[in-house]
Amino acid sequence: RKHRPLLKEYLAATSSKKKGTLFADGGSSIKQRKLEDTKASQKTIDLAVVNFIVQGLHPFGVVEQTGFVDLIHCTQPDYTVMSRTTLRERIDKCTKQMKEKLKNAMQTVKYIATTTDCWTAHRQSFIGVTAHWIEPDTLERKSVALACKRLKGTHSYDVLASALNDIHSEYNIREKIVRTTTDNASNFIKAFRVYACEDEGSSTEDESKGVNDSEEEDAEEETEGVEVEALMEEEDECSEYQLPKHHRCACHVLNLISTVDARKAESNVMYKKISRAAFAKCSALWNKSARSSTAAEVIERECKLQLIRPVETRWNSLFLAVERILRIIRESGEGAVRAVTIALKIPMFSPAELAFLSDYASTMSPVSKALNILQGEVDVHMGWLVPTITLLTVKLDRLQTSSKKEYSSGLEN
């Protein structure tokens with residue numbers, strides 16, 4: 001009642017005849033204003049195109065495709081689309097600027113930790129390095145990617161050491177790195193064993209005590225001659241590359257325990273027999289679904305779900321693959337799996353084998369959850385490791401004492 005004039009103005013603005021009009025006096029509409037505001041400069045759109053190519057990992061030739069050019073001209077008719085040569089130059093320029101920013105950001109940091117890994121994809125080898133530190137002022141954790149580059153030749157320890165040393169030197173952080181975390185591959189372990197720096201005065205108290213106690217005896221003994229040239233050659237070989245201290249990835253260690261070390265349970269003859277029989281039939285299912293589109297269609301039609309194929313380099317993949325089979329049995333019944341095995345001419349699981357798979361999944365479930373916690377990218381830090389491992393040990397001990405598993409007995413150990 002108090003705002004009738006404003007109400008009339010609102011009704012006039014929202015009437016069907018003047019839909020989209022912002023004011024009753026026929027002012028410019030919201031849509032018109034948005035279209036006017038979308039005009040951007042050549043520099044702004046160039047930067048947006050560069051970000052589009054980099055973030056989407058698109059080939060440089062995308063900017064010369066007719067569809068992409070038409071798309072840009074629909075929104076910005078006056079824009080001149082850059083060529084692939086110009087795009088490459090812009091990306092190289094942005095890369096150099098980003099590296100300079102990273103160098104300046106890490107200059108003020110006293111301690112830095114790095115991680116590294118190497119892998120093969122599409123018959124090409126790569127090495128990746130990331131850096132992590134705590135901002136002194138805000139105590140905020142920062143993480144950046146330092147490199148993802150081709151690694152030619154074999155993945156030998158000296159090749160890895162050379163690549164890591166070059167990357168650390170490029171960013172001037174070689175003296176600031178306190179630890180470098182890798183997996184448990186033998187080439188990484190040897191690289192750090194040969195080239196990693198050692199703490200000065202790292203001798204133990206017993207060694208120092210032994211030295212002090214034997215000073216008088218050593219003084220009486222004759223001094224032996226030493227070949228200086230041999231020592232200098234040995235020092236040059238060890239100082240060819242300078243690597244920081246090494247730290248093995250806790251997640252990778254736990255994954256090895258859940259896969260490789262779990263095979264020690266096969267020392268039990270009954271476990272070994274039922275385990276190999278059950279996983280042989282699982283592998284037959286996984287291979288059929290991966291290699292044959294017809295088999296995949298049969299599985300999806302009968303089970304309403306696709307199978308998960310385990311991969312050695314993916315943590316928890318074996319547990320997730322077994323869990324998917326058990327989920328299909330819970331939701332669709334054993335009849336669905338039996339229909340698939342008949343259609344694909346694969347032996348059906350026996351009741352004992354299904355019971356073993358169920359016991360295996362319940363035992364590995366706490367391990368899988370612990371791995372998911374420790375492999376987090378944002379909120380996980382070193383303080384999570386000991387509580388997570390302790391709680392995992394407690395859960396496995398409870399499984400060992402409380403449950404009576406007929407087929408997977410001993411796996412908890």
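Just above, that's the structure.
This section reports on the structure supplied with the text. (Residues numbered from 1 in each chain as written. Predicted model: local features only at pLDDT ≥ 70, side-chain atom pairs only at ≥ 80, totals over all residues. Heavy atoms only, no water.)

1. Section: the overall build of the protein
Next, step 1: Looking only at helices and strands, the protein has 17 helices and five strands in total.
Next, step 2: Residue pairs in contact within the protein that sit at least 24 positions apart in sequence constitute 63% of those at least 6 positions apart.
Next, step 3: Here the protein has roughly 27800 Å² of accessible surface; of this, 53% comes from carbon and sulfur atoms. (Helix = DSSP H or I, 4+ residues; strand = E, 2+ residues; numbered from the N terminus. Contact = heavy atoms within 4.5 Å. Areas by Shrake-Rupley, 256 points an atom, 1.4 Å probe, with all protein chains shown as cover.)

2. Section: the pattern of salt bridges
Next, step 1: For the structure on display, the rule yields nine salt bridges.
Next, step 2: Across the pair D46 and R90 runs a salt bridge, and its minimum N-O distance is 3.2 Å. You can see D46 sitting in helix α3 (residues 42-56) and its partner R90 sitting in helix α5 (residues 84-107), a full 44 residues away along the chain.
Next, step 3: Look at D46 and you get buried, because its relative accessible area is 8%.
Next, step 4: R90 gets classed as partly exposed once you look at its relative accessible area, which sits at 32%.
Next, step 5: R338 is the partner of E334 in a salt bridge, and the nearest nitrogen-oxygen pair spans 3.9 Å. (Salt bridge = Lys/Arg side-chain N within 4 Å of Asp/Glu carboxyl O. Buried < 20%, exposed > 50% of the residue type's maximum accessible area, 1.4 Å probe, protein only.)

3. So, the packing of helix α12 (residues 269-291) against helix α16 (residues 351-374)
Next, step 1: Two elements in contact, α12 and α16, have axes separated by 9 Å at closest approach and are oriented at 95°. Taken together, α12 and α16 sit at an angle that is classed as roughly perpendicular. From α12, Y271, I274, S275, A277, A278, F279, K281 and C282 reach across to α16, where they touch A352, E353, F356, L357 and Y360.
Next, step 2: A per-class count over the contact of α12 with α16 returns ten nonpolar, one polar and two charged. (Axes fitted to C-alpha atoms, helices over the stretch in contact; angles between N-to-C directions. Parallel < 35°, antiparallel > 145°, perpendicular 65-115°, else oblique. Nonpolar A, V, L, I, M, F, W, Y, C, P; charged D, E, K, R; others polar.)

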